[in-house]
Amino acid sequence: MNERWSQLSFEDRMATVEFRVGERAHITVDSDICRSCTTKDCVVACPANLFAPTADGGILFNYEECFECGTCYQVCNSEGAITWTYPDGGQGVVFRRG
Amino acid sequence: MPTVARAWCSDVADAPLTPLVVACLRHADQRPEVDPLTAAVTRAPRTATASAADWGALEHALRIAAAWSGRVLAVAAGTPAAEDTLRQAAAVGAEVLRVETSGSYVRDIAGDERALAQAIVAGVGTVGQPALVVCGDRSDDRGTGALPAFLAHELDAAQALGLVRLAVDGDRLQGERRLDGGRREIVRIPRPAVCSVEGGERLRRASLAAILAAADATVPVYRATSGEAPDERLRLGRPRPLRPRTQVARPPAGDSPRARVLHLTGALATHEPPTVVGPTDAATAVDAFLEFLDRGGYLPQEDSRE
Ligand code: SF4
Ligand code: SF4
C-alpha cells in the first residue's frame, strides 16, 4: 500500500470507523472521462482504497466505504470526472471517538 | 468421610513415602461463544471440562506414577462445577482435590496467576509433597501458560515447559521440547519438577464401573485462605477499537487546496500512474513486462536494445 499511510495498517484504519451505507451513491465517477486521465491521482490518494483502474483505462469506483474526506474531489483535475455530494441524512461514515 | 481418593487408590493411599505425582486440570468451557461485535464471551457449563493438553498431563502423571510406584493426585481449582472434571480423573485412578477459589472470572483475569499457584500448592501440601507436577501447556480459558512457572517457583522445583514427550529415566525424567526451525531438544529433568506438556497424549479410558463409582463419590475440597487478592497493577477495561497516538503533522506546502492535498497524499510525487495490463495474450504481456523492466533500468543495456 501507499507508504504515506503506513503507520496504520489498512485494516486497522478501516476498523476504526463504521459505515452506514445509503441506497444512493453519494460519489459517482465518470469512467469515460477517466480514460483520458494519465495520472490517476485518485487511485493513490483515496485513503479507503476505493478507486481501482480497469483494463480499458477507466476507473471502477465503489462508494460504500467512503470516509467522505473529499480527497478524491480535490486531487482530480478532470472536469466532471467526479460528482461529489455528502450521503443522505443518517447515512455514511460514523467516526468513533476511540 | 469416604472420598474418591480412598475409593480408587486404596492400595497406595496409605503408603506415605510413595512419590506423589500431581496433574493440574483446568475446568473450562472448551467452546465458548464470542460475540464478534461486543466481544462478550458466553460460556456453557454443560460442555466444560479439561483441555486436551490437561488430559494429556493426567495420562503422563498416571504413567510416571506407575513407573515410580507412586500415586497420582488430580487437582483443579475452581467452583464445585470443577468436580465434574475431577470425577473423570478419579475414574481413571487418580486421587482428586478441588481447591476452592473465590472471585469472578474478571477478577481472576486481572490478577496474575501467582495467587492461584499459591492456593494450589497449599492444597496439594495437605496431601503430600509432590515429586512432579504435570500441567497442560495451555487451557482454553485464558491459557496464559504462566501457571506452571508460578507453581515451580512456589515449590522451588525445576521446570520444563511445553514438552512434547515426557518419559521416566530412572529417578529422573527425560523430556523433549520443540525448538525453532523444526529442531528438538532433549532435557533431563531432576526431581522435584513442574512440567507442562502439549496435548498429544490421549487419556486412557475408564471402565464403566469406575465411572459409575466416581460419579457419586465426594471430592475433597481445600479452601484457600490467603493469596487470592488480584494484582491491582492490572486493570481491565472495555474492549475498544485501536486508537493510535495523535501525531503532529507538518502543514503541507502549496498555495491551493489541491496542491496541498497532492502534497499530503503524494498522489503525483511518489508513484507511477497505476495501469492495468490486460487481459491480454502472453506475448503482449511479456512485451509490456520487459518494457517496464527496461524503463526502470532493471535490464542490462544490451538486452534492452534487442
Ligand atoms: S477520478 Fe479524476 S483523477 Fe481519478 S482517474 Fe478519473 S479523472 Fe483521473
Ligand atoms: S471522499 Fe475520501 S474516502 Fe471517499 S472516495 Fe473520496 S478520497 Fe476516498
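Calculation notes
- Residues numbered from 1 in each chain as written.
- Chains lettered and ligands numbered in written order.
- Predicted model: local features only at pLDDT ≥ 70, side-chain atom pairs only at ≥ 80, totals over all residues.
- Heavy atoms only, no water.
- Helix = DSSP H or I, 4+ residues; strand = E, 2+ residues; numbered from the N terminus.
- Buried < 20%, exposed > 50% of the residue type's maximum accessible area, 1.4 Å probe, protein only.
- Contact = heavy atoms within 4.5 Å.
- Areas by Shrake-Rupley, 256 points an atom, 1.4 Å probe, with all protein chains shown as cover.
- Near = heavy atom within 4 Å.
- Nonpolar A, V, L, I, M, F, W, Y, C, P; charged D, E, K, R; others polar.
- 1 Å grid on protein atoms, 1.4 Å probe; cavity = no way out; pocket = protein on both sides within 12 Å on 5 of 7 lines; lining within 4 Å.
- Points joined across faces, edges and corners; volume = space filled by probe spheres on them.
- Pairing = 2+ DSSP bridges.
- Axes fitted to C-alpha atoms, helices over the stretch in contact; angles between N-to-C directions.
- Phe/Tyr/Trp six-rings, centres within 6.5 Å; stacked < 30°, edge-to-face > 60°.
- Lys NZ or Arg CZ within 6 Å of the ring centre and 35° of its normal.
- Polar contact = N/O pair within 3.5 Å; in protein donor to acceptor, adjacent residues only side chain to side chain.
- Sits in = over half its atoms within 2 Å of the grid points.
- Parallel < 35°, antiparallel > 145°, perpendicular 65-115°, else oblique.
- Left-handed = near helix turned anticlockwise from the far one by under 90°.

Q: For the overall build of chain B, give the residues involved together with the corresponding values.
A: When its secondary structure is counted, chain B shows 11 helices and 13 strands. Here chain B holds 306 residues, and 38% of them are scored as buried. Counting contacts in chain B only where the partners sit at least 6 residues apart, residues at least 24 apart contribute 69% of the total. Accessible surface for chain B amounts to roughly 18100 Å². Of this, 53% is attributable to carbon and sulfur atoms.

Q: Go over the overall build of chain A, please, and point to the residues and values.
A: Helix and strand counts for chain A stand at 4 helices and 6 strands. Going from the N terminus to the C terminus, chain A shows its helices and strands as α-β-β-α-α-β-β-α-β-β. Evaluated residue by residue, chain A yields a buried proportion of 39% over its 98 residues. Within the structure as shown, chain A displays about 5600 Å² of accessible surface, and the carbon and sulfur contribution to it stands at 48%.

Q: Lay out the site of ligand 1 with the relevant residues and their values.
A: Contacts to ligand 1 come from Cys34(A), Cys37(A), Lys40(A), Asp41(A), Cys42(A), Ile59(A), Cys76(A), Ser78(A), Ala81(A) and Ile82(A). Class assignment of the residues belonging to the shell around ligand 1 gives a composition of 7 nonpolar, 1 polar and 2 charged.

Q: I'd love a proper account of empty space enclosed by the protein, names of residues and values included.
A: All names here are of chain A. By the definition in use, this model includes 3 cavities of 30 Å³ or more. Estimated volume of the largest cavity: approximately 90 Å³. Of all the secondary structure elements, the ones that give two or more residues to the lining of the largest cavity are strand E1 (17–20) and strand E6 (92–95). Of the residues assigned to the lining of the largest cavity, the class counts are 6 nonpolar, 4 polar and 5 charged.

Q: Account for the sheet that holds strand E13 (residues 221–223) of chain B, naming residues and giving values.
A: All names here are of chain B. As summarised here, the arrangement of the 9 strands in space is E11-E10-E9-E12-E8-E1-E6-E7-E13, forming an open sheet in which the pairing is mixed. At either margin of the open sheet sits one strand with a lone partner, and together these are strand E11 (184–189) and E13. When the angles between neighbouring strand axes are averaged without regard to direction, this sheet yields 35°. Sheet analysis places strand E9 (residues 158–169) next to strand E12 (residues 193–197), joined by 4 bridges and oriented parallel. If you follow Gln159 over to E12, its bridge partner there is Val194. Contacting strand E1 (20–25), strand E6 (71–77), strand E8 (130–136), E9, strand E10 (172–178) and E12, helix H3 (residues 52–67) crosses the sheet at an angle of about 175° to E1. Against the sheet, helix H4 (residues 83–91) touches E1, E6, strand E7 (95–100) and E13, its axis set at about 165° to E7.

Q: I'd like a rundown of the packing of aromatic side chains, residues and numbers included.
A: Applying the stated rule across the entire model yields 5 aromatic pairs over all chains. Ring geometry for Trp84(A) and Tyr86(A): centres 5.0 Å apart, planes at 85°, overall edge-to-face. Aromatic rings pair up to connect Phe19(A), Phe67(A) and Phe95(A) into one cluster. Arg191(B) extends its terminal NZ or CZ atom over the ring of Trp68(B), reaching a point 4.3 Å from the ring centre.

Q: Before we move on, could you go through the pairing of E9(B) and cite the residues and values that matter?
A: Along any regular strand, the residues point their side chains to alternate faces of the sheet. Residue and element names in this part refer to chain B. In the sheet, E9 pairs with E10 via 6 bridges, with the strands oriented antiparallel. Following the sheet pairing, Asp169 is matched in E10 by Arg172. Between E9 and E10, which pair antiparallel in sequence order, lie 2 residues; one of them, Gly170, sits at a positive phi of approximately 65°.

Q: Run through the side chain of Asp29(B), naming residues and quoting values.
A: All names here are of chain B. The residue Asp29 is located in strand E2 (residues 28–29) in this model. Only 3.0 Å separates the side chain of Asp29 from the backbone nitrogen of Arg31, close enough to count as a polar contact. Once you skip the residues sitting within four places of it in the chain, Asp29 turns out to touch Thr42, Arg43, Ala44, Thr47, Ala48 and Asp140.

Q: Describe the site of ligand 2, listing the residues and the values that go with them.
A: Residue and element names in this part refer to chain A. Taken together, 14 residues surround ligand 2, and among them Cys46, Cys66, Cys69, Gly70 and Cys72 come closest. Taking a 2 Å distance to the grid points as the criterion, the majority of the atoms of ligand 2 fall inside the second largest cavity. When grouped by side-chain class, the residues that make up the shell around ligand 2 number 11 nonpolar, 2 polar and 1 charged.

Q: Please give an account of the side chain of Ser51(B) that cites residues and values.
A: Along the chain, Ser51(B) falls in the loop between strand E5 (48–49) and H3. Residues within four places of Ser51(B) in sequence aside, it is in contact with Arg26(B), Gln30(B), Arg138(B), Ser139(B) and Asp140(B).

Q: Can you lay out the environment of Phe150(B) for me, pointing to particular residues and giving the numbers?
A: Examined against the element boundaries, Phe150(B) turns out to sit in helix H7 (residues 147–155). Apart from residues lying up to four places away in sequence, Phe150(B) is in contact with Glu113(B), Arg114(B) and Ala117(B).

Q: Quick one: what's the story with the packing of H4(B) against helix H8 (residues 208–216) of chain B, residue by residue and with numbers?
A: Helices that pack against each other are described as a pair by the angle of their axes relative to one another and the distance between those axes. Residue and element names in this part refer to chain B. The geometry of H4 relative to H8 is characterised by a closest axis approach of 8 Å and an angle of 140° between their N-to-C directions. When the axes of H4 and H8 are compared, the pair comes out oblique. The hand of the H4/H8 crossing is right-handed. On the side of H4, the interface is formed by Arg87, Ala90 and Ala91, while H8 contributes Ala210, Ile211, Ala214 and Ala215. Looking at the contact of H4 with H8 residue by residue, the class counts come to 6 nonpolar, no polar and 1 charged.

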